[in-house]
Protein chains: 2
Amino acid sequence: MARIPAGRARLTPREARGLFRTGLVTPTSGWAAGWTQANLIALPRDRAYDFLLFAQRNPRSCPVLDVTEPGETFASIFDGDLRTDLPAYRVYRHGEQVAEVADVTSYWRDDLVCFLIGCSFTFEAALLEAGVPVRHIEAGTNVPMYRTDRLCRPAGELSGPLVVSMRPIPAELVPAAVRITSRYPAVHGAPVHVGDPAVLGIADLDRPDFGDAVEVRAGELPVFWACGVTPQAAVMRSRPPFAIGHAPGHMAVTDARDSVYLVP
Amino acid sequence: MARIPAGRARLTPREARGLFRTGLVTPTSGWAAGWTQANLIALPRDRAYDFLLFAQRNPRSCPVLDVTEPGETFASIFDGDLRTDLPAYRVYRHGEQVAEVADVTSYWRDDLVCFLIGCSFTFEAALLEAGVPVRHIEAGTNVPMYRTDRLCRPAGELSGPLVVSMRPIPAELVPAAVRITSRYPAVHGAPVHVGDPAVLGIADLDRPDFGDAVEVRAGELPVFWACGVTPQAAVMRSRPPFAIGHAPGHMAVTDARDSVYLVP
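Predicted model only: the values in this text are computed from it and were never measured. (Residues numbered from 1 in each chain as written. Chains lettered and ligands numbered in written order. Predicted model: local features only at pLDDT ≥ 70, side-chain atom pairs only at ≥ 80, totals over all residues. Heavy atoms only, no water.)

Undergrad: Mind laying out the pattern of salt bridges, listing which residues take part and the relevant values?
TA: When the charged atoms of two side chains with opposite charge come close together, those side chains can pair. Taken as a whole and judged by the stated rule, the model has 29 salt bridges over all chains. As a salt-bridge pair, D209(A) and R147(A) come within 3.8 Å of each other at their nearest N and O atoms. Taken together, the positions of D209(A) in the loop between β8 (193-194) and β9 (220-226) and R147(A) in strand β6 (residues 145-151) put the pair 62 residues apart, joining distant regions of the chain. With a relative accessible area of 37%, D209(A) lands in the partly exposed category. The residue R17(B) makes a salt bridge to D255(B) at a minimum N-O spacing of 3.0 Å. (Salt bridge = Lys/Arg side-chain N within 4 Å of Asp/Glu carboxyl O. Helix = DSSP H or I, 4+ residues; strand = E, 2+ residues; numbered from the N terminus. Buried < 20%, exposed > 50% of the residue type's maximum accessible area, 1.4 Å probe, protein only.)

Below, the structure written as structure tokens:
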């Protein structure tokens, strides 16, 4: 199996996808800096309207970057194979996760519509460049993600909780973190919450629902962004017959420059 | 029939809708300043996915503000009756306009999904406040709208040209007009073009496809914004069995403050 290259931030999307296609399984935070990363949710065509409406009604957590034609394995911003070129996938039947695999070719169906949803890993390069530390990149781990007690606006048969990612930010850098990320609404934009996790119904920061816990140091505040795992939480809650998602933190590295999604 | 009140800019959305419900037919530019106006396109449920995907793929012309449940006659941002509370409607069968009426109650169907699409009338109050003149408000006419030769990205069975609205702007105020409107991406945002209409395939500014022609004076440039009549142009081109739209310029006055859609 391929190893994580030391220069992973400088890889092109094509190079990164090539490593994932040949079996490398790793979170993609810190990879291919300057390129947009995306969450994947694939649903049968007869569930696609519900999901697209769910995304329209929950734009903070579900900013849609691209939608495929049924059965297609590429997207306009992803010139690779959506079945193999993400590091890892989760397969759901009736809301139950039935597999976590590095290749979903054997699960693929001709009626699957793939939705690519903006991922907050995209703005991490801009945070680092501004001197805002990103703990999970420093630690070499996955970002911590939490189910909250905030419910998304339902659409058709889809409903579920808002999922958030968390980054500990030194208090004096919180304004910079808000300012920088608010310029990227297509990859979740500004934080949804700063500080006390209990306000979001998160009981214990050390026990994330997805990804890895990170240290919150003295003088730091936990800062929470809407997360593109929200669609998978809706799948788990709403139990459509079939769905495929990326494994949380193991994203689609797209061919879209992050500057495309930067607002003035 | 009710008359156009002199203080139309100061009406509440409820007051404006009440006048339209009792039969007043008039373009809504300049009405209920500070409140968001919206285009309407209503399609049968089995065409709703195609349209929502069309909107996702053409966000400049089709920024979706709200989507109803099938058959519903109100929306979360429109606490009125979508069948009666717009000044005028157009009804289409297989892409042909079969009626222009002030009330579509007799045409309503239980499977209709209504999409409310942001309208550039919304940012006109901000333009006026900044000293940027809006000619069609001065003239008391409808805004001129044009089919362009730019094709939208198709979705399913929906395709068609980009439609634009045009406002003549004194050359020295073009930067202000761009700056102000770019802060309202949900109601079409920045212009798509400044200057020569031929670049958009518009042969004659004096012959708009929708609305009324306005004078372009010496020292002014025609400035073009994406327009929410684009969905109706797609209906005319793609010929779905049934559709209802607003009569161009005769908008849904919503209960959403325009500040909701203002980006920093």
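Undergrad: Any details on the nonpolar core? Residues and values, ideally.
TA: Ranked by internal contacts, the top residues of the largest apolar core, which has 64 residues, are Y49(A), F51(A), F115(A), Y49(B), F51(B) and F115(B). Other than its neighbours up to four places away in sequence, F115(B) contacts Y49(A), N39(B), L40(B), I41(B), A48(B), F51(B), L52(B), D66(B) and V67(B). (Core = buried A, V, L, I, M, F, W, Y, C linked by side-chain atoms within 4.5 Å. Contact = heavy atoms within 4.5 Å.)

Undergrad: I'd like a description of the pairing of strand β7 (residues 161-170) of chain A, backed by residues and values.
TA: Residue and element names in this part refer to chain A. The element β7 is extensively covered by neighbouring structure, given that 10 of its 10 residues are classed as buried. Sheet topology places β6 next to β7; 4 bridges connect them, and they run antiparallel. Within β7, the position partnered with R147 by the bridge is V163. In terms of strand pairing, β7 meets β9 through 7 bridges, oriented antiparallel. When the bridges of β9 are listed, R167 appears paired with V223. (Pairing = 2+ DSSP bridges.)

Undergrad: Tell me about the interface of chain B and chain A, and please be specific about residues and values.
TA: In this assembly, 19 residues from chain B lie in contact with 19 residues from chain A. In total, about 1,400 Å² of surface goes out of reach between chain B and chain A, with carbon and sulfur atoms giving 48% of it. On the chain B side of the interface with chain A, the three residues burying the most area are Y49(B), L52(B) and Q56(B), jointly 42% of the side's total. Linking chain B with chain A are 2 salt bridges. R57(A) is paired through a salt bridge with E69(B); the nearest N and O atoms lie 3.0 Å apart. When contributions to the side of chain B that touches chain A are tallied by element, the ones reaching two or more residues are α2 (48-57), β2 (64-67) and β5 (112-118) of chain B. Residue classes in the side of chain B that touches chain A are distributed as 10 nonpolar, 3 polar and 6 charged. (Buried area = accessible area lost by both parts, 1.4 Å probe. Nonpolar A, V, L, I, M, F, W, Y, C, P; charged D, E, K, R; others polar.)

Undergrad: Any chance you could break down a nonpolar patch on the surface for me, citing the residues and the numbers?
TA: A cluster of nonpolar side chains, contributed by V178(A), V194(A) and L221(A), occupies part of the molecular surface with about 180 Å² of accessible area. By secondary structure assignment, the location of V194(A) is in strand β8. (Patch = residues over 30% accessible without salt bridge, like charges linked within 9 Å, V, L, I, M, F, W, Y side chains within 5 Å. Areas by Shrake-Rupley, 256 points an atom, 1.4 Å probe, with all protein chains shown as cover.)

Undergrad: Run through the side chain of T84(B), naming residues and quoting values.
TA: With respect to the secondary-structure elements, T84(B) resides in the loop between β2 and β3 (89-93). Once you skip the residues sitting within four places of it in the chain, T84(B) turns out to touch F20(B), R21(B), Y89(B), A102(B), D103(B) and T105(B).

Undergrad: A description of the domain arrangement of chain A should follow, citing residues and the corresponding values.
TA: Residues and elements named next belong to chain A. According to the domain assignment, chain A consists of domain 1 (8-119 + 238-258) and domain 2 (121-226). Relative placement of domain 1 and domain 2: their C-alpha centres are 20 Å apart. Taken together, the contact between domain 1 and domain 2 spans 30 residues of the former and 27 residues of the latter. Linking domain 1 with domain 2 are 1 salt bridge. Salt-bridge contacts for E157 lead to R47; the nearest nitrogen and oxygen are separated by 2.8 Å. Between the two partners, domain 1 and domain 2, sit 16 residue pairs in polar contact (both at pLDDT 80 or more). For the side of domain 1 that touches domain 2, the elements supplying multiple residues, two or more each, are β1 (35-44) and α2 (48-57). In terms of residue class, the side of domain 1 that touches domain 2 is made up of 11 nonpolar, 13 polar and 6 charged. (Domains from an automatic or database assignment. Polar contact = N/O pair within 3.5 Å; in protein donor to acceptor, adjacent residues only side chain to side chain.)

Undergrad: Can you break down the sheet that holds β8(A) residue by residue, with the values?
TA: Residues and elements named next belong to chain A. With antiparallel pairing, the 4 strands of this open sheet are ordered in space as β6-β7-β9-β8. Two strands close off the open sheet at either side, each with one partner strand: β6 and β8. Sitting on the sheet, helix α6 (residues 230-238) is in contact with β6 and β7, with an inclination near 145° to β7. (Axes fitted to C-alpha atoms, helices over the stretch in contact; angles between N-to-C directions.)

Undergrad: Before we move on, could you go through the packing of aromatic side chains and cite the residues and values that matter?
TA: For the coordinates displayed, the defined rule picks out 9 aromatic pairs over all chains. Between F20(A) and W31(A) the ring centres are 4.9 Å apart and the planes differ by 50°, which places this aromatic pair in the tilted class. In this pair, F20(A) is assigned in helix α1 (residues 13-21) and W31(A) in the loop between α1 and β1, connecting sequence segments 11 residues apart. Both residues of the pair, F20(A) and W31(A), count as buried. An angle of 55° between the planes, with centres 4.7 Å apart, marks the rings of F51(B) and F115(B) as tilted. Placement of F51(B) in helix α2 and of F115(B) in strand β5 is noted, with a sequence separation of 64 residues between them. Residue classification places F51(B) among the buried residues on the basis of a relative accessible area of 1%. Judged by relative accessible area, which is 0%, F115(B) ranks as buried. (Phe/Tyr/Trp six-rings, centres within 6.5 Å; stacked < 30°, edge-to-face > 60°.)

Undergrad: Describe the relation of the copies chain B and chain A, listing the residues and the values that go with them.
TA: Each of the two copies of the chain can be brought onto the other by a rotation about an axis and a shift along it. At an RMSD of 0.0 Å, chain B and chain A line up after a rotation of 180° and a shift of 0.0 Å along the axis. Expressed as a symmetry operation, the mapping of one chain copy onto the other fits a two-fold axis. Residue Y49(B), judged by its C-alpha, is the member of chain B lying nearest the rotation axis, at 2.5 Å. Looking at chain B, 100% of its interface residues are interface residues in chain A too, so the copies touch through the same face. (Least-squares fit on C-alpha atoms with pLDDT ≥ 70 in both.)

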